[in-house]
Amino acid sequence: MTTSADSTTATVDFWFDPLCPWAWLTSRWMLEVRDVRDIDLRFHVMSLSVLNSDREGLPEQYKELLAKGWGPVRVCIAAAKERGQEILEPLYTALGTRIHNGGNKEFDVVIKEALAELELPASLADAAYSTDFDEELKASHHAGMDPVGLDVGTPTIHVDGVAFFGPVISKTPHGEEAGKVFDAARTLAGYPHFFELKRTRTESPDFS
């Protein structure tokens, strides 16, 4: 493991919605970072369905995706209640690998297979169509999103308590390159007067 100029352990809280391809790539980057930097990485659930629930003028295709999107995040919350927050990382990996790398958008099938892979109770899939966990879902969502502010989505990361949207990447860096990107992000996050660095995306997500 390589240490950066700041050798203290960084606490990294990562909020994800399994639907988002950009969050998926950023999450895979954070796993790479954990191999080369001293970080305490913790996963939490946000919801694009919650985020966009009051927004008007969304394309019909996106609204249909958001309607389906309640299922995976509800199951994640139910699983965390059953097994603890630590289950979120492997469950997210199981879901995201099927949704993004595998291209499977049949979320009922994805959920069933992910639960089976992790030997979690099959009954947790019932949460996808239940509102029983929605208050806990919204609480998790707002814990991650409210500190960032308006007009942002996922990926959302809190580094040592500093919350920001991004980094948005189209391809996951590996090894020491991943660590260097994290060092830069951590430096920017640590400057209290830094707010935005952005350019137009010219690439689609690359899951290779």
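Use the structure listed above.
Here the structure is a predicted model, which means the values were calculated and not measured.

Cut-offs and rules
- Residues numbered from 1 in each chain as written.
- Predicted model: local features only at pLDDT ≥ 70, side-chain atom pairs only at ≥ 80, totals over all residues.
- Heavy atoms only, no water.
- Salt bridge = Lys/Arg side-chain N within 4 Å of Asp/Glu carboxyl O.
- Pairing = 2+ DSSP bridges.
- Helix = DSSP H or I, 4+ residues; strand = E, 2+ residues; numbered from the N terminus.
- Axes fitted to C-alpha atoms, helices over the stretch in contact; angles between N-to-C directions.
- Contact = heavy atoms within 4.5 Å.
- Buried < 20%, exposed > 50% of the residue type's maximum accessible area, 1.4 Å probe, protein only.
- Arc of directions from axis to C-beta.
- Parallel < 35°, antiparallel > 145°, perpendicular 65-115°, else oblique.
- Left-handed = near helix turned anticlockwise from the far one by under 90°.
- Nonpolar A, V, L, I, M, F, W, Y, C, P; charged D, E, K, R; others polar.
- 1 Å grid on protein atoms, 1.4 Å probe; cavity = no way out; pocket = protein on both sides within 12 Å on 5 of 7 lines; lining within 4 Å.
- Points joined across faces, edges and corners; volume = space filled by probe spheres on them.

Q: Please clarify how the pattern of salt bridges should be interpreted in this entry.
A: Side chains bearing opposite charge may pair, as long as their charged atoms lie close to each other. Taken as a whole and judged by the stated rule, the model has eleven salt bridges. Connected via shared salt-bridge partners are Arg37, Glu176 and Asp183.

Q: Looking at this structure, how should I read the sheet that holds strand S3 (residues 156-159)?
A: Whether parallel or antiparallel, the strands of a sheet pair through hydrogen bonds between backbone atoms. One open sheet accounts for four strands, arranged S2-S1-S3-S4; its pairing is mixed. The open sheet is flanked by strand S2 (39-45) and strand S4 (162-165), the only strands paired with a single partner. The sheet shows a mean angle of 20° between the axes of neighbouring strands, direction not considered. Of the strand pairs in this sheet, strand S1 (residues 10-16) and S3 are connected by four bridges, and their pairing is antiparallel. What sits directly across from Trp15, in S3, is Thr156. This element, helix H4 (residues 88-101), spans S1 and S2 of the sheet and lies at about 65° to S2.

Q: What is the right way to look at helix H5 (residues 107-117) in this model?
A: Since the α-helix turns once every 3.6 residues, residues separated by three or four places project in the same direction. Those residues of H5 that fall on the buried side of the exposure criterion are Phe107, Val110, Ile111, Ala114 and Leu115. The arc that holds every buried residue of H5, seen down its axis, measures 125°, which confines them to one face. In H5, the exposed residues that point more than 90 degrees away from the buried face are Lys112 and Ala116. Here the buried face of H5 lies against helix H3 (60-83) and H4.

Q: Where do I start with the packing of H3 against helix H6 (residues 134-145) in this structure?
A: Each pair of packed helices gets described by two things: the angle between the helix axes and the distance between those axes. For the pair H3 and H6, interaxial distance at closest approach is 9 Å and the crossing angle is 95°. It follows that H3 is roughly perpendicular to H6 by the angle criterion. On H6, the residues that touch Trp70, Val73, Arg74, Ile77 and Lys81 of H3 are Asp134, Glu136, Leu137 and Ser140.

Q: Even after reading the chapter, I still don't get the packing of H4 against H5, so can you show me in this structure?
A: Remark: H4 packs on H5, axes separated minimally by 9 Å, with the N-to-C direction vectors making an angle of 140°. One finds that H4 runs oblique with respect to H5. Handedness of the crossing formed by H4 with H5: right-handed. Residue-level inspection shows Leu91, Ala94, Leu95, Arg98 and Ile99 of H4 in contact with H5, the latter providing Phe107, Val110, Ile111, Glu113, Ala114, Leu115 and Glu117. Of the residues in the contact of H4 with H5, the class split is nine nonpolar, no polar and three charged.

Q: Could you clarify how one ought to interpret the pairing of S3 in this entry?
A: On a regular strand, one side chain projects to one face of the sheet and the next to the other, so that they alternate. Every second residue of S3 is oriented toward a common face, with Thr156 and His158 on one face and Ile157 and Val159 on the other, all of them buried. One ladder, built from four bridges, connects S3 with S4; its direction is antiparallel. Of the residues in S4, the one forming a bridge with Val159 is Val162. The loop that links S3 with its antiparallel partner S4 comprises two residues; one of these, Asp160, has a positive phi angle of about 50°.

Q: Where do I start with the layout of surface pockets in this structure?
A: Sizing a probe to match a water molecule and rolling it over the atoms shows the empty space that remains. Here the largest pocket defines a volume of roughly 1800 Å³. The wall of the largest pocket is formed by 46 residues, among which Phe165, Gly166, Pro167, Val168 and Leu197 lie closest to the centre. Looking at the lining of the largest pocket, the elements with two or more residues in it are helix H1 (21-36), helix H2 (48-51), H3, S4 and helix H7 (175-190). Sorting elements by how many residues they give to the lining of the largest pocket places H7 first, with five residues. Among the residues forming the lining of the largest pocket, the class breakdown is 31 nonpolar, seven polar and eight charged. Its boundaries defined by the atoms lining it, the second largest pocket holds a volume of some 200 Å³. Considering the residues around the second largest pocket, the lining is formed by 13 residues, among which Leu51, His141, His142, Asp146 and Leu150 are closest to the centre. When contributions to the lining of the second largest pocket are tallied by element, the ones reaching two or more residues are H2 and H6.

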